[in-house]
Protein chains: 2
Amino acid sequence: MYILVTYDVDTTSKEGARRLRCVAKACLNYGQRVQNSVFECEVTEAQLCTLKNIIGNVIDTKQDSVRFYYLNRNIARRVEVLGKETSYDVNDVMII
Amino acid sequence: MYILVTYDVDTTSKEGARRLRCVAKACLNYGQRVQNSVFECEVTEAQLCTLKNIIGNVIDTKQDSVRFYYLNRNIARRVEVLGKETSYDVNDVMII
């Protein structure tokens, strides 16, 4: 299951920046950061539950907003980018 | 066609904040702002071309990143929110 996590947090405050780092850390276990507060993750149902729990414990539910979008499988053909390209194809060959 | 527009811009600079306002203005012609730099829009192919042109002329392609995600029709069941809910159902009844 391919999901998009978008996180609206006030990063001008230290606390908000810390919360964003924690959310980023949780999301990066399952995918990549494509923008400052946008993550593309590939997860199972169980992993999604875990991810939501972790994020739910981090955010300030009164100030912050996290949205989970379910994207269909062939995500690569469904995304277009203007400006800086900041993501990589997780299914592509990685040369280390 | 339902699209998600996510815009990564440095809003701590005046210029970046101005660009975000311009992008927001363009996107709000076709949908709603669900987070600070995330917009859900319903557009035709032609409208999408127009929107991309407008946005392309506003952003700083070296610094900014705008991503267009194509979402499938039944978006309402495909979005989950943690924390503040900041959107409305565009197909719902609006009482003025």
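As a reminder, the structure under discussion sits directly above these lines.
These numbers come from a predicted model, not from an experiment.

Parameters at a glance
- Residues numbered from 1 in each chain as written.
- Chains lettered and ligands numbered in written order.
- Predicted model: local features only at pLDDT ≥ 70, side-chain atom pairs only at ≥ 80, totals over all residues.
- Heavy atoms only, no water.
- Pairing = 2+ DSSP bridges.
- Helix = DSSP H or I, 4+ residues; strand = E, 2+ residues; numbered from the N terminus.
- Axes fitted to C-alpha atoms, helices over the stretch in contact; angles between N-to-C directions.
- Contact = heavy atoms within 4.5 Å.
- Buried area = accessible area lost by both parts, 1.4 Å probe.
- Salt bridge = Lys/Arg side-chain N within 4 Å of Asp/Glu carboxyl O.
- Polar contact = N/O pair within 3.5 Å; in protein donor to acceptor, adjacent residues only side chain to side chain.
- Nonpolar A, V, L, I, M, F, W, Y, C, P; charged D, E, K, R; others polar.

S.K.: Explain the sheet that holds strand β1 (residues 2-8) of chain B to me, using residue names and the numbers behind them.
M.R.: The five strands lie next to each other as β5(A)-β4(B)-β1(B)-β3(B)-β2(B), forming an open sheet whose pairing is antiparallel. The open sheet is flanked by β5 (79-83) of chain A together with β2 (31-35) of chain B, the only strands paired with a single partner. On average, adjacent strands in this sheet sit at an angle of 20° to one another, irrespective of strand direction. Two elements, β1 of chain B and strand β3 (residues 38-42) of chain B, share five bridges in a ladder whose sense is antiparallel.

S.K.: Mind laying out the interface of chain A and chain B, listing which residues take part and the relevant values?
M.R.: In many reports, interface size means the accessible area that the parts give up when they come together. Contacts between the two partners involve 36 residues from chain A and, on the opposite side, 36 residues from chain B. Summed over both sides, the interface between chain A and chain B buries roughly 3200 Å², with carbon and sulfur atoms accounting for 50% of that surface. In this assembly, chain A and chain B are joined by four salt bridges. Between Arg-67 of chain B and Glu-40 of chain A there is a salt bridge, with its nearest N and O atoms 2.8 Å apart. Summed over the shared surface of chain A and chain B, the result is 18 residue pairs in polar contact (both at pLDDT 80 or more). Mapped onto the side of chain A that touches chain B, the elements with two or more residues apiece are β1 (2-8), β2 (31-35), β3 (38-42), α2 (45-58), β4 (65-71) and β5 of chain A. Among the elements that make up the side of chain A that touches chain B, the one with the highest residue count is β4 of chain A (seven residues). Of the residues in the side of chain A that touches chain B, the class split is 15 nonpolar, 11 polar and 10 charged. With five bridges connecting them, β5 of chain A and strand β4 (residues 65-71) of chain B associate as antiparallel partners. If you follow Val-81 of chain A over to β4 of chain B, its bridge partner there is Arg-67 of chain B.

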